[in-house]
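The residues making up each chain are set out below.
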Amino acid sequence: MIGIAFTYWRKANPRRDPSVAIELDRHRVRRGQEVRALVAGMPERTAVEVSLTCRVHWDQRKRSSASGDSRGSTTRVVAEATAWEDFAQASPSGEAHLRLPADQPYSHEGSVISFAWLITVRTMVDGKRGRPSMPVAVWVDP
Amino acid sequence: MRLALELDGPAPPGGELRGRVVVAEGGTCRLLEVAIRLCERSRDYAEETVFAHAILTREGERRDGESFPFALPVPVQAGPPVNTKWGGLNWEVRARADMALKRDPEVRQGLPLTEV
């Protein structure tokens, strides 16, 4: 039981790499424009991958199954998915340029559906991806 | 009763949208209104939020061809429609007449936007 609970908790709280961090030249950008990310704490002779992700949160109807005398019920829950993702390699100086796609959703905080843009970095050792850093949010205007 | 929506042209976010509601087929209504609304939808739910609203006329007989001009502020966050497989959002202009004991006639149009 504890193992199942931990699995769910870990899924919602993934391990983060505290040794690398991201600084952006700006936190608000329009679709089609570029944002410059600078990786701080980048280890020497290690490749660093910078990812730009659009996360979508939407309201979903979840049905619980009927059991015994109960007929089951529905609840409104928030589901999450990756709507779009792209990766770039940071230069040896730790710099990466990321272009916000013009044909993807813009940032929106709604009551039924929301879109959030996040930038994370992770080290690459022998072709294996390390843990992601804490994400940095960027607000994308239409 | 039947309505038509005529917009003077696209407006920038933060600007003003001008147009008129035309009575295409007359009738008696309790209220005639126009609004800019955000329509959000997911696979299972949909919600609409009014961002700007104007009452154009109250109780009375409306004749064919009668026209009611309006000007509404366009929300600064308004943007083009977004459609994904999980849901989307759409900004729209809606004119509606409130009818007694009848179905309310309405007309909807996507909010036409220009670049800032």
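Keep in mind it's a predicted model, so treat the numbers as computed, not measured.

Colleague: I tried to follow the overall build of chain A on my own but got confused; where do I start?
Modeller: When its secondary structure is counted, chain A shows one helix and nine strands. In chain A, the succession of α and β elements from N to C terminus is α-β-β-β-β-β-β-β-β-β. At 19 Å, chain A has a C-alpha radius of gyration far larger than the 14 Å of a compact globule built from 142 residues. Taken along its principal axes, the extent of the C-alpha atoms in chain A is 65 × 40 × 20 Å. For chain A, with 142 residues in total, the buried portion stands at 27%. Counting only contacts in chain A whose residues sit at least 6 apart along the sequence, the fraction spanning at least 24 positions is 61%.

Colleague: Would you mind showing me how to read the interface of chain B and chain A here?
Modeller: It is common to give the size of an interface as the accessible area that goes away when the parts come together. Each side of the interface is counted separately: chain B has 16 residues, and chain A has 15 residues. Among the elements of the structure, strand 3 (27-42), strand 4 (46-62) and strand 7 (87-98) of chain B are those that each provide at least two residues to the side of chain B that touches chain A. Tallied by class, residues from the side of chain B that touches chain A come to six nonpolar, five polar and five charged.

Colleague: For this particular structure, what's the right way to read the nonpolar core?
Modeller: Core analysis: the largest hydrophobic core is formed by 48 residues, its most contacted members being A:A37, A:V39, A:V48, A:V50, A:L98 and A:I119. Elements with a contribution of two residues or more to this core: strand 3 (34-40), strand 4 (47-64), strand 6 (95-99), strand 7 (113-125) and strand 9 (136-141) of chain A together with strand 2 (16-25), strand 3 and strand 7 of chain B.

Colleague: Please explain unusual backbone geometry as it appears in this structure.
Modeller: With the exception of glycine, most residues fall at negative phi, and the peptide bonds are largely trans. You will see that B:L101, though not glycine, has its phi angle at about 55 degrees, which is positive. Mapped onto the fold, B:L101 is located in the loop between strand 7 and strand 8 (106-110).

Colleague: What exactly am I supposed to notice about the pairing of strand 3 of chain A here?
Modeller: Residues in a regular strand project their side chains so that they alternate between the two faces of the sheet. All names here are of chain A. Of the two faces of strand 3, only one is covered, namely that formed by V35, A37 and V39; the face formed by E34, R36, L38 and A40 stays uncovered. Note that strand 1 (residues 21-24) and strand 3 share four bridges and pair antiparallel. Within strand 3, the position partnered with A21 by the bridge is A40. Bridging between strand 3 and strand 6 involves five bridges; their strand directions are antiparallel. Opposite V35, over in strand 6, you have L98 as the bridge partner.

Colleague: Sorry if this is basic, but what is going on with the sheet that holds strand 1 of chain A here?
Modeller: Hydrogen bonding along the main chain pairs the strands of a sheet, whether they run parallel or antiparallel. All names here are of chain A. The antiparallel open sheet is built from three strands, whose spatial order is 1-3-6. Two strands lie at the open edges of the sheet, namely strand 1 and strand 6, each paired on one side alone. Shown here is a sheet whose adjacent strand axes are inclined to one another by a mean of 30 degrees, direction ignored.

Colleague: Is there a simple way to explain the sheet that holds strand 1 (residues 2-7) of chain B in this structure?
Modeller: Residue and element names in this part refer to chain B. Taken together, the three strands give an open sheet; going across it, the order is 1-2-5, and neighbouring strands pair in antiparallel fashion. Each of the sheet's edge strands pairs with one partner strand only, and the pair in question is strand 1 and strand 5 (67-73). Taking each pair of neighbouring strands and ignoring which way they run, the sheet shows an average axis angle of 30 degrees. Where strand 1 meets strand 2, six bridges bridge the pair, whose relative direction is antiparallel.

Colleague: Explain the pairing of strand 7 of chain A here, please?
Modeller: Residues and elements named next belong to chain A. The element strand 7 is extensively covered by neighbouring structure, given that ten of its 13 residues are classed as buried. Pairing analysis gives twelve bridges linking strand 4 to strand 7, with the strands arranged antiparallel. Residue V56 lies in a different strand from strand 7, and its bridge partner there is F115. Connecting strand 7 to the antiparallel partner strand 8 (residues 128-132) that follows it, the hairpin turn spans two residues, and D126 within it adopts a positive phi of roughly 50 degrees.

Rules used throughout
Residues numbered from 1 in each chain as written. Chains lettered and ligands numbered in written order. Predicted model: local features only at pLDDT ≥ 70, side-chain atom pairs only at ≥ 80, totals over all residues. Helix = DSSP H or I, 4+ residues; strand = E, 2+ residues; numbered from the N terminus. Rg over C-alpha atoms; globule rule 2.2 N^0.38 Å. Buried ≥ 20, exposed ≤ 12 C-beta atoms within 10 Å, placed from the backbone. Contact = placed C-beta atoms within 7 Å. Nonpolar A, V, L, I, M, F, W, Y, C, P; charged D, E, K, R; others polar. Core = buried A, V, L, I, M, F, W, Y, C linked by C-beta atoms within 7 Å. Pairing = 2+ DSSP bridges. Axes fitted to C-alpha atoms, helices over the stretch in contact; angles between N-to-C directions.

Geometric descriptors of this kind do not, in isolation, establish any biological role.
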